[in-house]
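Below are the chains, spelled out letter by letter.
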Amino acid sequence: NNPIVNKYLRYYIDDISKIELEYLKDNTRESGQTDGSLAFLDEIISTPLFFPKKEDIDSFKKKIKKRKPLFSVPIVINPRVVSFLKAFQNIKHDSIQRALNRSANYVDTFKKTFRQMGIPEDLVYLPIIESGFRIKAVSRARANGMWQFMAATGRMFNLRIDWVVDERQDPFKASVAAAKLLKTLYKEYGHWYLALACYNGGTRRVNRAIRRLKTKDFFKIARTRYLRRETRNYVPAFIASLIIAKSPEEYGFKIEKGPSIFDNTKIISVPSPIDLKALAKAANVSYQRLKEINPELIQ
């Protein structure tokens, strides 16, 4: 409880976070990615966690109990979730704030898609931890886009991915694929936490854990080594980000919606292949602007 000790402990934790993040960035450069494309999830997994006191946990539980009707997915408050809440309010505050600002341009459209698919609207906030709501985020494992699809999984859910087009970078088409994947996983496991764990780390490890431990309680499984560290952190990190997204001002955030690259645009059908420069000239827009609003066109 010594304020001076706490102050230097925060500095120490922040320094560790920066060192780990630099390590991730170095590895990303070696694999041909750029700093700007580093997926937010990689940054999240390197977050050094706080050790919450019992009174912190109890305080968050009381807050959430009052707001439970706000949530369409289960909300569990435990030391792991509170650790991420505190980290997001402190050393990751600016990153989470930027993600929330970007989210404002997309969540309404995503919610409409998820309602049509019959899955909880709260899942539209998954890109907060997946990509920071960045369209061209790329992970160390080469997952791509706002919804962080691997190529094989994206194709399985009807995303076109080839040398000309990569629809993982179309946030709206990818959101439909994400909704289909999440719905499929929920049908198989019957619990959103397990569905999210599979979304992040695949089904093989989750299936083995369920079989060996004879439980479908994610947090019991997460106390073992059956899941990778990233997947063990993924669900509590999502819960923490969702709590913040639903009541940002209560947790020290204020969402400021900025301009979207898709403002003042509409979708048209082009009947045959055409050179983008010719199309830009005909539409009286710049070639760069046309490329910007069609991020899935990689050639």
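Our subject is the structure that appears above.
Residues numbered from 1 in each chain as written. Predicted model: local features only at pLDDT ≥ 70, side-chain atom pairs only at ≥ 80, totals over all residues. Heavy atoms only, no water.

1. Details of the overall build of the protein
Looking only at helices and strands, the protein features 15 helices and zero strands. Here the protein has roughly 16,100 Å² of accessible surface; of this, 52% comes from carbon and sulfur atoms. (Helix = DSSP H or I, 4+ residues; strand = E, 2+ residues; numbered from the N terminus. Areas by Shrake-Rupley, 256 points an atom, 1.4 Å probe, with all protein chains shown as cover.)

2. Topic: unusual backbone geometry
Negative phi characterises most residues that are not glycine, and trans characterises most peptide bonds. The residue Asn 158 is not glycine, and still its phi comes out positive at about 70°. Considering the arrangement of structural elements, one finds Asn 158 in the loop between α8 (151-156) and α9 (171-189). Here the phi dihedral of Lys 214 falls at roughly 55°; this positive angle occurs in a residue that is not glycine. Within the secondary structure, Lys 214 sits in the loop between α11 (203-213) and α12 (218-221). For Lys 214, a relative accessible area of 72% corresponds to the exposed category. (Buried < 20%, exposed > 50% of the residue type's maximum accessible area, 1.4 Å probe, protein only.)

3. Regarding helix α6 (residues 107-117)
Burial in α6 covers these residues: Val 107, Phe 110, Lys 111, Thr 113, Phe 114 and Met 117. For α6, the buried positions fall inside an angular range of 165° around the axis, keeping them on one side. Among the exposed residues of α6, those pointing more than 90 degrees away from its buried face are Asp 108 and Gln 116. Looking at the buried side of α6, the elements it contacts are α5 (93-103) and α9. Two residues or fewer past α6, Gly 118 is found with a positive phi of approximately 75°. (Arc of directions from axis to C-beta. Contact = heavy atoms within 4.5 Å.)

4. Describing the pattern of salt bridges
Going through the model one piece at a time under the given rule, you end up with nine salt bridges. A salt bridge links Arg 115 to Glu 121, with the nearest nitrogen and oxygen atoms 2.8 Å apart. Residue Glu 121 is classed as partly exposed on the basis of its relative accessible area, which comes to 27%. Across the pair Arg 289 and Glu 292 runs a salt bridge whose closest N-O atoms are separated by 3.3 Å. With a gap of three residues between them, Arg 289 and Glu 292 both fall in helix α15 (residues 287-292), about one helical turn apart. (Salt bridge = Lys/Arg side-chain N within 4 Å of Asp/Glu carboxyl O.)

5. Examining the nonpolar core
Core analysis: the largest hydrophobic core is formed by 74 residues, its most contacted members being Trp 147, Tyr 199 and Ile 243. Considering every element that reaches this core, the biggest residue donor is helix α13 (residues 229-246), with ten residues. Residues in contact with Trp 147, not counting those within four places in the same chain, are Phe 110, Phe 114, Leu 123, Val 124, Leu 126, Pro 127, Pro 171, Ala 174, Ser 175, Ala 178 and Tyr 199. (Core = buried A, V, L, I, M, F, W, Y, C linked by side-chain atoms within 4.5 Å.)

6. Comments concerning the packing of aromatic side chains
Applying the stated criterion to the full structure yields 15 aromatic pairs. Through successive ring pairs, a cluster of aromatic residues spans Tyr 106, Phe 110, Phe 114, Phe 133, Trp 147, Phe 172 and Phe 262. The positively charged end of Lys 277 is found above the aromatic ring belonging to Tyr 287, 5.3 Å away from the centroid. (Phe/Tyr/Trp six-rings, centres within 6.5 Å; stacked < 30°, edge-to-face > 60°. Lys NZ or Arg CZ within 6 Å of the ring centre and 35° of its normal.)

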